[in-house]
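# Overview (structure and organization)
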Amino acid sequence: MKVLILSCGTGGGHNSAAQAIKQALEEKGVQADFSEYLDIVNDRVKDKVNNIYIRSTKGNGQVFKAVYKLGELYQKTKWISPVYGVNRIHKKKLHEYILKNKYDYIVVTHLFPAEALTAIKKEHDIHFIAVATDYVCIPFWQETNPDYFIIPSTELKQDFIDKGIDENKLLPLGIPVSRAYVDDYDKDKLKEELGFDKESKYVLVLTGSMGFGNVTEMIKNLLENIDDAKFIISLGNNKKLLEVLNREYKEENRIITIPYTNALDKYMKISEVILSKPGGLTSTEVATLGKPFIQTAPIPGCENYNAEFFSKRRMSIKCSNIEEVARTTKKLLEDEIYRNEIVASQRKYINKNASMDIADTFIRLVKLKC
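Residues numbered from 1 in each chain as written. Predicted model: local features only at pLDDT ≥ 70, side-chain atom pairs only at ≥ 80, totals over all residues. Heavy atoms only, no water.

## Regarding the packing of aromatic side chains
All told, the structure shown has 10 aromatic pairs when counted by the stated rule. Here the aromatic rings of W141 and F149 are separated by 4.8 Å at their centres, their planes lie at 80°, and the arrangement is edge-to-face. By relative accessible area, which is 3% here, W141 ends up buried. Under the relative-accessibility criterion, F149 is labelled buried at 1%. (Phe/Tyr/Trp six-rings, centres within 6.5 Å; stacked < 30°, edge-to-face > 60°. Buried < 20%, exposed > 50% of the residue type's maximum accessible area, 1.4 Å probe, protein only.)

Now the structure itself:
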């Protein structure tokens, strides 16, 4: 069996989920190749598409919010969307790539390739599975026609059914995360490896792959209200903000800034509390590790639904302003019972073995078709 896993780099979560599935399939002996969809069909527009997405989330994300709301309204009309129309254009090139490389099956973690594959499927015998990476059925998933649809939770089945997804296709297996978030670890050894003080408490502030949110004001409030912790600030690809913070806090030994890193799991593991915007993949990674989690600055749209799903089930704390973030962080650092309650809820609702369960289910389903 030879499998192609397709994603799109609008935010880091889709690619991370794709890589986690690739890792799990390879452990099961399946040949799995990962590729970004736009690299195959039109690499000239890849950077433009990603930059449009990043620009739409600038400030407080109102542009992205407007586009997402428009998508929700369009979804209710039952008309074929422009998103499908644009991706249908690429069906010939994508199909040729699949045939040339002799892929037996495709897995997608993003809407765009799912739309193109749906167009191909209307004309050719092709099989693919779609994987949702947010805790909501986003607009236009109902236009796609995968063999199966992997969703984050049983509790979301009705949302997907209501949006037009065939119930018989739904597989509530969870969101796949890398084995790095599942395997056991030694916290003190990791602190030593990273050059951190073993005795200090650390709070990790995640801003996403684009460095989203009012980080400077948040840091100021954290420093003013919390005396007994150090703060690791992950800025993603936001080099400008990294320079600003390094300049502003060069004399403050409680602030540690880090640029984009492939070892983010290590910083999560050594932290007592994690502050993060509620991306679907990041939220799942934090919950898989069993870390008290405060939601900050969601990008309006699907991240609001992620925040609602987690906070309603007490897997995280949703704060409405920066002052509340500081107060809640302080409370979590001081109150072990409070921290443990959040971790217990995460264990109840999050499938930490989702990647391997997806791989096992995938292999079983493909064998049945054969």
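There's more to say after this.
## Side note on the nonpolar core
Counting 61 residues, the largest nonpolar core has L94, L117, W141 and F160 as the members making the most contacts within it. Looking at this core, the element that brings in the most residues is helix α7 (residues 111-121), giving five residues. In this view, L117 contacts L6, L94, I98, I106, V108, I126 and F128; residues no more than four positions away in its chain are not counted. V215, Y249, I322 and I342 belong to the second-largest nonpolar core, a separate cluster that totals 29 residues. (Core = buried A, V, L, I, M, F, W, Y, C linked by side-chain atoms within 4.5 Å. Helix = DSSP H or I, 4+ residues; strand = E, 2+ residues; numbered from the N terminus. Contact = heavy atoms within 4.5 Å.)

## Here we look at the packing of helix α10 (residues 215-225) against helix α15 (residues 322-334)
It is the contact of α10 with α15, at a shortest axis distance of 9 Å, that shows an interaxial angle of 40°. With respect to each other, α10 and α15 are oriented oblique. Once α10 is placed against α15, the crossing between them reads as right-handed. Residues E217, M218, N221, L222 and N225 of α10 lie in contact with α15, whose contacting residues are I322, E323, V325, A326, T329 and K330. Of the residues that constitute the contact of α10 with α15, the class distribution is five nonpolar, three polar and three charged. (Axes fitted to C-alpha atoms, helices over the stretch in contact; angles between N-to-C directions. Parallel < 35°, antiparallel > 145°, perpendicular 65-115°, else oblique. Left-handed = near helix turned anticlockwise from the far one by under 90°. Nonpolar A, V, L, I, M, F, W, Y, C, P; charged D, E, K, R; others polar.)

## Brief notes about the environment of Q346
Looking at where Q346 falls in the secondary structure, it is placed in helix α16 (residues 336-349). In sequence terms Q346 and P292 are 54 residues apart; their C-alpha atoms lie 9.2 Å from each other. When neighbours within four sequence positions are excluded, Q346 is seen to be in contact with V286, A287, G290, K291, F293 and M315. Within polar-contact distance, the side chain of Q346 engages the backbone oxygen of M315 at 3.0 Å. (Polar contact = N/O pair within 3.5 Å; in protein donor to acceptor, adjacent residues only side chain to side chain.)

## Considerations on the sheet that holds strand β1 (residues 2-7)
Read from one edge to the other, the open sheet built from six strands follows the order β2-β1-β3-β4-β5-β6, with strand pairing classed as parallel. Single-partner strands in this sheet number two, and they are β2 (31-36) and β6 (170-172). Neighbour-to-neighbour, the strand axes of this sheet turn through a mean angle of 20°, independent of strand direction. Two strands pair when backbone bridges link them, and β1 and β2 are joined in this way by six bridges, in the parallel orientation. The residue bridging I5 from the neighbouring strand is F34, located in β2. Contacting β1, β2, β3 (105-108) and β4 (128-131), helix α1 (residues 13-27) crosses the sheet at an angle of about 170° to β2. (Pairing = 2+ DSSP bridges.)

## Describing the packing of helix α6 (residues 91-100) against α7
Relative to each other, α6 and α7 sit at 85°, their axes nearing to 9 Å. One way to sum up the angle between α6 and α7 is to call them roughly perpendicular. Packed against α6, whose contacting residues are K91, L94, H95 and I98, the element α7 presents A116, L117, A119 and I120 at the interface.

## Digging into the confidence of the model for the chain
Scored by pLDDT, the chain has a mean of 88; 87% of the residues are at 70 or more. Note on residues 52-57: pLDDT under 50 across the span, and 13 contacts to partners over four residues away in sequence or across chains. (pLDDT = per-residue confidence, 0-100.)

## Considerations on the sheet that holds strand β11 (residues 293-295)
The strand order β9-β8-β7-β10-β11-β12 describes an open sheet built from six strands, whose pairing is parallel. Single-partner strands in this sheet number two, and they are β9 (255-258) and β12 (317-318). Sheet topology note: the strand β8 (residues 230-234)/β9 ladder contains four bridges and is parallel. Bridge assignment links F231 to a residue of β9, and that residue is I255.

## Considerations on α1
The terminal C-alpha atoms of α1 lie 21 Å apart, and with 15 residues this matches the ideal 21 Å at 1.5 Å per residue to within 8%. Every buried residue of α1 is accounted for by H14, N15, A17, A18, A20, I21, K22, A24 and L25. Immediately beyond the C-terminal end of α1, within one or two residues, lies G29, with a positive phi of roughly 85°. (Expected span 1.5 Å × (residues − 1).)

## Concerning the pairing of strand β10 (residues 273-276)
Within a regular strand, side chains alternate between the sheet's two faces. Here β10 shows no split at all, with V273 and L275 on one side and I274 and S276 on the other all buried. For strand β7 (residues 202-206) and β10, the ladder comprises four bridges, and the chain directions are parallel. In the strand pairing of β10, V205 is matched with L275. The sheet contact formed by β10 and β11 spans three bridges and is parallel. The residue of β11 that forms the bridge with L275 is I294.

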